[in-house]
Every structure is written in structure tokens, then in C-alpha cells.
Amino acid sequence: MPTPDSAAPCPCGGETYGTCCEPIITQSAKAWTAEAVMRSRFTANVIGDLDHLWRTWHPRTRPQRVLPSGNQWLKLEVADVVDGQPGDVTGVVEFVATYRDNWRTKTMHERSGFEYRAGRWLYTEALPPTQ
Ligand SMILES: [Zn+2]
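Each value, and the rule that gives it
Residues numbered from 1 in each chain as written. Predicted model: local features only at pLDDT ≥ 70, side-chain atom pairs only at ≥ 80, totals over all residues. Heavy atoms only, no water. Donors = N, O, S within 2.8 Å, 3.2 Å for Na, K, Ca; no water. Tetrahedral: all angles 85-135°; square planar, octahedral: opposite > 155°, others 65-115°. Buried < 20%, exposed > 50% of the residue type's maximum accessible area, 1.4 Å probe, protein only. Core = buried A, V, L, I, M, F, W, Y, C linked by side-chain atoms within 4.5 Å. Helix = DSSP H or I, 4+ residues; strand = E, 2+ residues; numbered from the N terminus. Contact = heavy atoms within 4.5 Å.

- Looking at an unreviewed UniProt entry, the protein chain carries the name YchJ-like middle NTF2-like domain-containing protein, with the source organism given as Tessaracoccus rhinocerotis.

See the structure below:
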């Protein structure tokens, strides 16, 4: 998907791209919470911004190079947030992402771990979802 217009709905479900994920992806604003980074990473997957995925991935766990997922990401629902607020050191964001893979619609359910490091929230790893 091409980068949306600033006035268009944000791919992550936020009101508009320009007030939601765009400032974070273009680095004109900081993400203050782990959820904001998680949402911007979903949107980066939608628009294929691999640099943003790499930039927001903790150096301890990130791959040398981020490869495109190959999926068409359709929808994000944030199911739970634990910490990840200003002043926290870690955070967890549980989400369900809907995507299309070879014409089949599938969902990915994950609890993403985040760590606050050098003034930024960074994705660390996928944790198993709680039942
Ligand atoms: Zn967004």
C-alpha cells in the first residue's frame, strides 16, 4: 500500500495518518508510549517502511536486515496494554492483526515486548499470548 495521505484514516485504526502514525514514522515526533510504537510498526508493515521497523527494533534482538513480510496487512486491534507508559522501562502490547496471505484472511495474535532505551520505546520480542 502506498503511504496514505495525512488526512486519510491511519492504517492502524487511528483517526488520521497525519495525527497518528505519520509523525512517528517520519521521526518528526517521539512515540511516548509502547502502544504508539507498536501502532507505528503495524502501519510501517502496511506501507512497507522497513527502515522504520529496523529503527524501532531493539539492537539486542533485531535482525541485520528487516525483510518484507509479504503479507497484506488489513487491520489492527489492540487487545491489552501493560505498562509502556512514560516513566516505565518495559511495556507489553497485545494485539490481533488481520492480514491477507495468498487470498486467505488470517490473524496474528501476539504480545509484543517493548523496552525504553536511550529515550525511545523499542520492540524487543514476541511473547506468547495469554489464554
Ligand atoms: Zn496509526
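Picking up where we left off.
## With respect to the coordination of the zinc ion
Item 1. Bound to the zinc ion on the protein side are Cys10 (SG), Cys12 (SG), Cys20 (SG) and Cys21 (SG), at distances that span 2.2 to 2.3 Å.
Item 2. Coordination at the zinc ion is tetrahedral: its 4 donor atoms span angles of 97 to 116° at the metal.
Item 3. The sequence pattern describing where the donors of the zinc ion fall on their chain is C-x1-C-x7-C-C.
Item 4. Under the relative-accessibility criterion, Cys20 is labelled partly exposed at 21%.

## Some words on the nonpolar core
Item 1. Formed by 27 residues in total, the largest nonpolar core has its most connected members in Met38, Phe42 and Phe114.
Item 2. Looking at this core, the elements with two or more residues in it are α1 (22-25), α2 (34-47), β1 (72-83), β2 (90-101) and β4 (120-127).
Item 3. The biggest single contributor to this core is α2, with 8 residues.
Item 4. If near-sequence neighbours (up to four positions away) are discounted, Met38 is found in contact with Leu76, Val93, Phe95 and Phe114.

## A look at unusual backbone geometry
Glycine aside, negative phi is the norm for most residues, and most peptide bonds take the trans geometry.
Item 1. Of note, Gln27 is a non-glycine position whose phi angle comes to about 65°, a positive value.
Item 2. Here Gln27 lies in the loop between α1 and α2.
Item 3. Residue classification places Gln27 among the exposed positions, given a relative accessible area of 52%.
Item 4. Despite not being glycine, Asp83 has its phi angle at roughly 55°, a positive value.
Item 5. Along the chain, the position of Asp83 falls in strand β1.

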